[in-house]
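# Structure at a glance
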Amino acid sequence: MAPETHADLSFLSRLGVKGVHIPGTSTGRHSLDPATGPTDPATLRSTTPVDGSLIATVSSTNRAQYDEVVERAQEAFRIWREVPAPRRGEIVRQIGDELRAHKEDLGRLVAYEMGKIVEEGKGEVQEMIDICDFAVGQSRMLYGKTMPSERPEHRLYEQWHPLGPVGVITAFNFPVAVWAWNAMIAAVCGDVVIWKPSEKTPLCAVAVQRIVARVLERNDLPEGIFSVIQGGREVGEFLSTDDRIPLVSATGSIRMGREVGRTVAGRLGRTLLELGGNNAIIVSDRADLDLAVRAIVFGAAGTAGQRCTTTRRLIVHEAVFDELKERLIRAYSGLRIGSPLDPETLVGPLVDAEAANAMQAALADLREAGGEVLFGGEVLEGDGYEGGNYVRPAICLAENHYPIVQEETFAPILYLMKYTELDEAIALQNGVRQGLSSSIFTNDVREAEAFLSAQGSDCGIANVNIGTSGAEIGGAFGGEKETGGGRESGSDSWKAYMRRQTNTINWGRTLPLAQGIEFDV
Ligand code: NAD
């Protein structure tokens, strides 16, 4: 089916991002210039992957503007850290309410600027709302421990303090939710946030910033609590090289994570890295194949394969291999590919031509290594697909050791491989450099528990009878090995945004030393 080209785009005007040139240091209160076109090389062009048309232009943040943003953030931090944490939670609650009011429009903007289907775009905004709710509760639970002191008349405890301005660098594929995972938790912790969104999705950040700025203004709080800087890698480097930024949370490719990790470690700052995955599902001969097929298709073809948790490898027991393969091909044949704004669509376009080319190159590498494309893989042209980067999700036969299978190709390619014994399947699942998400489909409790045990999956996320993608915000999210080791969102991830202070108070009249040391003067 051809993409729908005459969709209702009124959400752009309601969010104030249509046909405008937007300055690169967005505060949410700036005036908009009429679109003048990309005359300045430092101008980002926001185009839609639906048909490649220009939505708006945004200027990159330059060094002087960046320094102003950091100074404003530092000033805001001095105020914000004094606001009691539950009151900070109240501000986050109001942000959640604003997001509820804008869920439909913001979800559509995510779909239009990034290319995921509207249903998933709205799901992303729902994730922001969920993390706001979570953070409101967390604002009353920034618990420190009290320990018994070994000395009489002493109290020993720890408390948590905010860090300062936190840099948040985000990827194109979750243009709003990843900011919220970081920013809402950081905010209740008392930090202020400087956001560098992907250069491919600058308008989503502008729209979020406007929503947040209204809440800050209404509560008479400084706008420097949440700032946005725009641009590519160079602007991200402003944050990673700046020792005024104690923590840089960076989501993106492993290449980016290595660079940011090395730079921030060089100044002994902290990083929270959320990088690429190479996620597998094991399907046992004791699996419910109906469940498995649905989870695999959503995990592998959903978001056009552009999730960090996308299912990229399928490790199938030899007894069910042929049946599962046939069922997947049948399911893939019925996938409706088209405009993400069309409610009938299940698979939208890839973000840009570079992504479509990378997919074609990966399939060529696969064939060269001895693999086979069983279904799909082609770029869709004509029939109204002009200007977009629409591809048919691919199902392939592959071996785990092929170099291309060892890499994350950010496109819908599913590699099928066979196993005989569970140990072998787990070794294949773990036999890649990345360690984000994994799952097993089985109705056998022994297999499930073996997969979840210390000898089982080595990933940050390990599921049973659920696919690899679509995590809830309540758990800590992140992965091991080259995925970077960071944990964000729920559980006790808040600790990453604070500094721990251990306090010992002597309320007695003597000065006993620890370990019973005598030192009389
Ligand atoms: P990318 O690495 O190209 O860019 C990510 C962000 O990093 C962008 O904002 C970019 O401008 C910035 N950047 C790039 N190089 C930088 C540098 N040297 N210093 C500072 N900033 C730099 O990634 P992408 O194509 O936008 O996103 C796709 C990748 O993100 C995939 O690998 C995907 O798996 C990963 N991802 C991971 C998670 C996770 O939670 N683990 C979530 C979403 C996406």
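Criteria and cut-off values
Residues numbered from 1 in each chain as written. Predicted model: local features only at pLDDT ≥ 70, side-chain atom pairs only at ≥ 80, totals over all residues. Heavy atoms only, no water. Helix = DSSP H or I, 4+ residues; strand = E, 2+ residues; numbered from the N terminus. Rg over C-alpha atoms; globule rule 2.2 N^0.38 Å. Buried < 20%, exposed > 50% of the residue type's maximum accessible area, 1.4 Å probe, protein only. Contact = heavy atoms within 4.5 Å. Axes fitted to C-alpha atoms, helices over the stretch in contact; angles between N-to-C directions. Parallel < 35°, antiparallel > 145°, perpendicular 65-115°, else oblique. Left-handed = near helix turned anticlockwise from the far one by under 90°. Nonpolar A, V, L, I, M, F, W, Y, C, P; charged D, E, K, R; others polar. Domains from an automatic or database assignment. Buried area = accessible area lost by both parts, 1.4 Å probe. Salt bridge = Lys/Arg side-chain N within 4 Å of Asp/Glu carboxyl O. Polar contact = N/O pair within 3.5 Å; in protein donor to acceptor, adjacent residues only side chain to side chain. Phe/Tyr/Trp six-rings, centres within 6.5 Å; stacked < 30°, edge-to-face > 60°. Lys NZ or Arg CZ within 6 Å of the ring centre and 35° of its normal. Expected span 1.5 Å × (residues − 1). Pairing = 2+ DSSP bridges.

This brings us to the overall build of the chain. If you tally the helices and strands in the chain, you get 14 helices and 24 strands. By the compact-globule yardstick of 24 Å for 521 residues, the chain fits well, its C-alpha radius of gyration being 25 Å. Looking at the chain as a whole, 57% of its 521 residues qualify as buried. Expressed as a percentage of contacts within the chain between residues at least 6 apart in sequence, the contacts between residues at least 24 apart total 74%.

In this section: the packing of helix 4 (residues 103-114) against helix 5 (residues 118-138). Two elements in contact, helix 4 and helix 5, have axes whose closest approach is 7 Å; the angle formed by their N-to-C orientations is 125°. Classed by the angle they form, the pair helix 4 and helix 5 counts as oblique. Helix 4 and helix 5 meet at a crossing whose hand is right-handed. In this structure, helix 4 uses Lys 103, Glu 104, Leu 106, Gly 107, Arg 108, Val 110 and Ala 111 to contact helix 5, whose residues at the interface are Val 118, Gly 121, Lys 122, Glu 124, Val 125, Gln 126, Met 128 and Ile 129. Of the residues assigned to the contact of helix 4 with helix 5, the class counts are seven nonpolar, three polar and five charged.

A few words now on the domain arrangement of the chain. Splitting the chain by domain gives domain 1 (10-275 + 487-499) and domain 2 (279-472). Computed from C-alpha atoms alone, the centre-to-centre distance between domain 1 and domain 2 is 30 Å. Approximately 1,800 Å² of surface area, both sides summed, lies buried where domain 1 meets domain 2, with 60% of it carried by carbon and sulfur atoms. Its largest share of buried area at the contact with domain 2, domain 1 owes to Val 50, Ile 117 and Glu 120, together 26% of the area lost on that side. At the boundary of domain 1 with domain 2, the tally comes to two salt bridges. The residue Lys 200 makes a salt bridge to Asp 352 at a minimum N-O spacing of 3.3 Å. Taken together, the connections running from domain 1 to domain 2 amount to seven residue pairs in polar contact (both at pLDDT 80 or more). Elements with a minimum of two residues in the side of domain 1 that touches domain 2: helix 4 and helix 5. Considering each element in turn, the side of domain 1 that touches domain 2 owes the most residues, four residues, to helix 4.

Attention now goes to the packing of aromatic side chains. Applying the stated criterion across every chain, the model contains nine aromatic pairs. Measuring from ring centre to ring centre gives 5.2 Å for Trp 179 and Trp 195, while their planes differ by 20°; the resulting arrangement is stacked. Placement of Trp 179 in helix 6 (residues 177-189) and of Trp 195 in strand 9 (residues 192-196) is noted, with a sequence separation of 16 residues between them. Take Trp 179 and Trp 195: they sit in the same class, and that class is buried. Ring centres of Tyr 385 and Tyr 390 lie 5.0 Å apart, and the angle between their planes is 45°; this geometry places the pair in the tilted category. The two residues Tyr 385 and Tyr 390 agree in class, both being buried. Members of the aromatic cluster, each reached through a chain of ring pairs, are Trp 179, Trp 195 and Phe 226. Here the basic side chain of Arg 63 rests over the ring of Phe 238, its NZ or CZ set 5.1 Å away from the ring centre. The side chain of Lys 116 reaches across the aromatic face of Phe 174, ending 3.7 Å from its centre.

A rise of 1.5 Å per residue sets the reference length of helix 5, with its 21 residues, at 30 Å; its end C-alpha atoms lie 30 Å apart and thus fit the reference within 8%. Buried residues belonging to helix 5 abut helix 3 (85-101), helix 4, helix 6, helix 7 (202-218) and strand 23 (488-489).

Turning to the sheet that holds strand 14 (residues 311-317), a few remarks are in order. One open sheet accounts for seven strands, arranged 15-16-17-14-13-19-20; its pairing is mixed. The sheet is open, and its two borders are formed by strand 15 (372-375) and strand 20 (461-464), each paired with just one other strand. With strand direction ignored, the average angle separating the axes of adjacent strands in the sheet is 25°. Summarising the sheet, strand 15 and strand 16 (residues 394-397) pair through three bridges and their orientation is antiparallel. Each bridged residue has a counterpart across the sheet, and for Phe 375 the counterpart in strand 16 is Ile 395. Each of strand 13 (279-283), strand 14, strand 17 (413-419) and strand 19 (437-441) touches helix 10 (residues 289-301); the most contacted strand, strand 13, lies at about 165° to it. The strands that helix 11 (residues 321-333) touches are strand 13, strand 14, strand 15, strand 16 and strand 17; relative to strand 17, the one it contacts most, it runs at about 165°.

A few words now on the environment of Gly 376. Residue placement: Gly 376 occurs in the loop between strand 15 and strand 16. Assessed through its relative accessible area of 22%, Gly 376 is described here as partly exposed. A sequence separation of 17 residues divides Gly 376 from Pro 393, and the C-alpha atoms of the two residues are 5.6 Å apart. Those residues in contact with Gly 376 that lie beyond four places of it in its chain are Arg 392, Pro 393 and Ala 394.

What follows covers the packing of helix 3 against helix 6. Closest axis-to-axis distance for the helix 3/helix 6 pair is 8 Å, and the angle between their directions is 150°. Looking at the two axes, helix 3 sits roughly antiparallel to helix 6. Here helix 3 contributes Ala 85, Arg 88, Gly 89, Val 92 and Ile 95 to the contact with helix 6, which in turn contributes Met 184, Ala 187, Val 188 and Cys 189. Tallied by class, the residues present in the contact of helix 3 with helix 6 amount to seven nonpolar, one polar and one charged.

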